Amino acid sequence: MAVIITDTCINCAACIDECPVEAIVDEDDNPTGEEIYYVYEDKCVECVGYHDVPACAEACPTEGCIQWGDTVEGMPVAENRGAKGEPVIED
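Residues numbered from 1 in each chain as written. Predicted model: local features only at pLDDT ≥ 70, side-chain atom pairs only at ≥ 80, totals over all residues. Heavy atoms only, no water.

## A short note on the nonpolar core
Applied cut-off: Working definition of a nonpolar core: buried Ala, Val, Leu, Ile, Met, Phe, Trp, Tyr and Cys residues. They are joined through side-chain atoms within 4.5 Å. Any residue under 20% of the maximum accessible area for its type is buried, any over 50% is exposed, and the rest in between are partly exposed; the area is computed with a 1.4 Å probe on protein chains only. Helix and strand assignments come from DSSP, with helices taken as H or I runs of at least 4 residues and strands as E runs of at least 2, each series counted from the N terminus. When checking whether two residues touch, look at their non-hydrogen atoms; a contact exists if any pair is within 4.5 Å.
In this structure, V3, I5, C15, I24, V39 and I66 are the most contacted members of the largest nonpolar core, which totals 19 residues. Elements with a minimum of two residues in this core: β1 (3-5), α2 (55-59) and β4 (66-68). Leaving out residues up to four positions away in the same chain, I5 has contacts with C15, I24, I36, Y37, Y38, V39, C65 and I66.

Pasting the structure below:
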């Protein structure tokens, strides 16, 4: 998975509005049943070709909520990506 949204998500919708490929769904459409937003790994492009860093993490008001996940074969990978579980943007 390119990026993941952790359970610190406050469901504010900032990430959904910023995702250039519509890879993020709200808690109502989360296939895991969790009441947090969800990133579809087969759609997330880590904003490669769109932004310098994932736009969802830039827009998120919750520190560390959006983290790097596993890479997905055949999907773009950001040059500056951190290790799995690290916040995409660290304050």
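## So, the side chain of T6
With respect to the element layout, T6 can be found in the loop between β1 and α1 (14-18). Classification of T6 as buried rests on a relative accessible area of 14%. With sequence-adjacent residues up to four places away left out, T6 is seen in contact with I36, G64, C65 and Q67.

## Side note on the packing of aromatic side chains
The criterion, for reference: Centres within 6.5 Å are what make two rings of Phe, Tyr or Trp a pair, Trp counting through its six-membered ring; a difference in plane orientation under 30 degrees is then read as stacked, over 60 as edge-to-face, and the rest as tilted.
Evaluation of the coordinates by the stated rule reveals 1 aromatic pair. With 5.1 Å between their ring centres and 85 degrees between their planes, Y38 and Y40 make a pair best called edge-to-face. Overall, the relative accessible area of 27% leaves Y40 in the partly exposed class.

## Observations concerning the environment of Y50
By the secondary structure assignment, Y50 is in the loop between β3 (38-39) and α2. Overall, the relative accessible area of 46% leaves Y50 in the partly exposed class. As a C-alpha pair, Y50 and C19 span 31 residues in sequence and 9.6 Å in three-dimensional space.

## Things to note about unusual backbone geometry
A positive phi angle is found at A13, which is not glycine, with a value near 80 degrees. Summarising the element assignment, A13 is placed in the loop between β1 and α1. Take A13: its relative accessible area is 23%, and that puts it in the partly exposed class. In this structure, C47 takes a positive phi of about 60 degrees despite not being glycine. Among the secondary structure elements, C47 is positioned in the loop between β3 and α2.

## A few points about the side chain of T62
In this fold, T62 is placed in the loop between α2 and β4. The class of T62 is buried, set by a relative accessible area of 18%. Contact partners of T62, with chain neighbours within four places excluded, come to T8 and I10.

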